[in-house]
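Examination of the molecular architecture
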Amino acid sequence: MAEPLVTRRGTLAVPTFLPDATRAGVRGVSSDDLRRVGIDGVVVNAFHLLRRPGARVVQAAGGIHRFMDWSGPVLSDSGGFQIWSLIRQDPNRGVIRDNEVIFREPSTGEKWNLTPERVVGVQLQLGSDIVVCLDDCTDAEAPEAEQERSVERTVKWARRCREELDRLVAERRDADPPRIFAVVQGGAIESLRRQCAAALAEIGFDGYGFGGWPLDPVGGLLADPMRWVAESLPAGAPKHALGVGRPDHVVGAFELGYTIFDCALPTRDARHGRLYAFRAGWAGRRPSPGDAFYRAVRIHDPEYRVDHAPIEDGCDCTLCTRHSAAYLHLLFKVGDRSAERLATIHNLRFYVRLFALLRG
Ligand SMILES: [Zn+2]
């Protein structure tokens, strides 16, 4: 049984799902909606918040919790993955070097110099409860030399992040400091994944994330690399499956030992009219890998125009207890903004119910 994750703003029972409030808000819903649905914590993105509105703006507002009216735990992703993917799409946007990352804002020409120390400083300015180290992301398919360089940088940067956090905490005499997570790289090469996990564990962190894109080219979970990493980390340590979110992938990664999940999928799918529902007769059983425990509802499909049943019988969310599938179908068809909110509330409630089943 995995230990709950204790933060200075409350304890997260695990496994836990943290929706993406990338730019200080979960799209389409309010903090009140999140609380009512049963969400315990959220993930923000330090890099995106640094770009807009700026870490100083959030700090001046009283920190991320007051800024977004959220009193529970906040994990701030460093943005290592986003920086890498933006630069990969367009090399003119910046460069990743051994000691720093330089990112250029294409619209304004503004330049950001991001070092491991700066990335930790930004997360402390935000007031995050779980700080994530800057890592050097790679493509799982990239050649071995590139994966080796990524692991070397990732470990060096994690050590610098750890030292910077310890220095700032001592300087501020912070009696209740944030937690710090490191991210494991190494692509799909077993020796490198294990080496990176062991080196990070030796430095010592409060939790560890599985870094890089977590899926294979056909959309399946990278189960072997995830298993190597989980096996090479301390048994009781919180393990974060960054970006893993499809319900069957969550069940698979939980089986491998991962207990913290964040993903834009349920909220993004909801906004596009894709809803999740437990299959009829599933009746609150705990799913195991391979179980067909849920179905996807595409509310735009014509069959829902006259479907007067709720999206899921037995779901206790605002949508299912008050409205039919036909009503949601109409709201989407006429472009009513409340369609996105109701669908998001339902999908998040589905995740909260799924995670409660996994906790048992
Ligand atoms: Zn529902």
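For clarity, every value in this text was computed on a predicted model and none was experimentally measured.

This part takes up the sheet that holds strand E6 (residues 94–96). On the basis of which strands lie adjacent, the open sheet formed by three strands has the order E6-E7-E8 and antiparallel pairing. Of all strands in the sheet, those with a lone pairing partner are E6 and strand E8 (111–114), marking the two edges. Strand-to-strand twist across the sheet, computed as the mean angle between neighbouring axes with direction ignored, equals 15 degrees.

Right, let's talk about the packing of aromatic side chains for a bit. This model, assessed by the stated rule, comprises 17 aromatic pairs. Between Phe210 and Tyr258, the ring centres sit 6.4 Å apart and the planes meet at 90 degrees, which makes this aromatic pair edge-to-face. Within this pair, whereas Phe210 is found in strand E11 (residues 207–210), its partner Tyr258 is found in the loop between helix H10 (247–255) and strand E13 (260–263), the two being separated by 48 residues in sequence. Feature note: the residues Phe17, Phe261, Tyr276, Phe278, Trp282, Phe293, Tyr294, Phe350, Tyr351 and Phe355 constitute an aromatic cluster, connected by ring pairs. Its guanidinium or amino end placed over the ring of Trp282, Arg285 lies 4.1 Å from that ring's centre, counting from NZ or CZ.

So, about the pattern of salt bridges. As a working rule, side chains carrying opposite charge can pair if their charged atoms are close by. Here the structure, examined in full by the defined rule, presents 26 salt bridges. Residue Arg274 pairs with Asp269 through a salt bridge whose shortest N-O separation is 2.8 Å. In this structure Asp269 comes out as buried when scored by relative accessible area, which is 8%. One continuous salt-bridge network, built from bridges that share partners, spans Glu190, Arg194, Asp224, Arg227 and Glu231.

Time to look at the coordination of the zinc ion. Tetrahedral metal sites with four donors have an ideal angle of 109.5 degrees; octahedral sites with six donors have ideal angles of 90 or 180 degrees. Only Cys315 (SG), Cys317 (SG), Cys320 (SG) and His346 (ND1) from the protein coordinate the zinc ion, and they sit 2.1 to 2.3 Å from it. Here the zinc ion is ringed by four donor atoms whose angles at the metal span 98 to 114 degrees, and the overall shape comes out tetrahedral. For the zinc ion, the donor residues sit on a single chain with the sequence spacing C-x1-C-x2-C-x25-H. Each member of the pair, Cys315 together with Cys317, is buried.

Attention now goes to helix H13 (residues 325–333). Within H13, the full set of buried residues consists of Ala325, Ala326, Leu328, His329, Leu331 and Phe332. Buried residues in H13 make contact with helix H11 (265–271), strand E14 (274–278), helix H12 (318–322) and helix H14 (338–359). Just downstream of H13 lies Gly335, where phi reads positive at about 70 degrees.

Here Leu328 shows up in helix H13. Sequence-wise, Leu328 and Ile299 are 29 residues apart; in three dimensions their C-alpha atoms are separated by 7.3 Å. If sequence neighbours within four positions are ignored, Leu328 has contacts with Leu275, Ile299, Ile311, Leu319, Ala339 and Leu342.

As paired strands, E6 and strand E7 (residues 101–104) are joined by three bridges and run antiparallel to one another. The partner of Gly94 across the bridge, within E7, is Phe103. Following E6, the chain reverses through four residues before pairing antiparallel with E7. Relative to E8, E7 runs antiparallel, the two sharing four bridges. The residue of E8 that forms the bridge with Val101 is Leu114. In textbook terms, the turn of a hairpin is the stretch between consecutive antiparallel strands, and for E7 and E8 this stretch comprises six residues, one of which, Gly109, has a positive phi near 80 degrees.

Before going further, it helps to spend a moment on the domain arrangement of the protein chain. Splitting the protein chain by domain gives domain 1 (5–263) and domain 2 (270–359). Computed over C-alpha atoms, the centres of domain 1 and domain 2 are 29 Å apart. Contacts between the two partners involve 26 residues from domain 1 and, on the opposite side, 20 residues from domain 2. Three residues stand out in domain 1 for area buried against domain 2, namely Val37, Pro247 and Val251, and they jointly supply 31% of the buried area on that side. At the junction of domain 1 with domain 2, the criterion picks out one salt bridge. In this structure, Asp33 and Arg341 form a salt bridge, with 2.8 Å as the shortest nitrogen-oxygen distance.

Turning to the side chain of Asp33, a few remarks are in order. The residue Asp33 is located in helix H1 (residues 31–37) in this model. The contact partners of Asp33, leaving out residues within four places of it in the chain, are Arg341 and Ile345.

What follows is about the environment of Leu12. Following the sequence through the fold, Leu12 ends up in strand E2 (residues 10–12). When the C-alpha atoms of Leu12 and Arg341 are compared, they prove to be 25 Å apart, with 329 residues separating the residues in sequence.

If you walk through the whole model with that rule in mind, you get zero disulfides. With no disulfide of its own, Cys133 lies 4.2 Å from the sulfur of Cys161, the closest cysteine sulfur.

Take the nonpolar core next. The biggest cluster of nonpolar side chains holds 101 residues, and the ones touching the most others in it are Ile64, Leu200, Tyr258, Phe261, Ile299, Ile311 and Leu328. Summarising the domain contributions, this core has at least three residues from each of domain 1 (5–263) and domain 2 (270–359). Each residue touching Leu200, except ones within four places of it in the same chain, is listed here: Thr154, Val155, Ala158, Ala182, Val183, Val184, Phe205 and Tyr208.

Rules behind the numbers
Residues numbered from 1 in each chain as written. Predicted model: local features only at pLDDT ≥ 70, side-chain atom pairs only at ≥ 80, totals over all residues. Heavy atoms only, no water. Pairing = 2+ DSSP bridges. Helix = DSSP H or I, 4+ residues; strand = E, 2+ residues; numbered from the N terminus. Axes fitted to C-alpha atoms, helices over the stretch in contact; angles between N-to-C directions. Phe/Tyr/Trp six-rings, centres within 6.5 Å; stacked < 30°, edge-to-face > 60°. Lys NZ or Arg CZ within 6 Å of the ring centre and 35° of its normal. Salt bridge = Lys/Arg side-chain N within 4 Å of Asp/Glu carboxyl O. Buried < 20%, exposed > 50% of the residue type's maximum accessible area, 1.4 Å probe, protein only. Donors = N, O, S within 2.8 Å, 3.2 Å for Na, K, Ca; no water. Tetrahedral: all angles 85-135°; square planar, octahedral: opposite > 155°, others 65-115°. Contact = heavy atoms within 4.5 Å. Domains from an automatic or database assignment. Buried area = accessible area lost by both parts, 1.4 Å probe. Disulfide = S-S within 2.5 Å. Core = buried A, V, L, I, M, F, W, Y, C linked by side-chain atoms within 4.5 Å.

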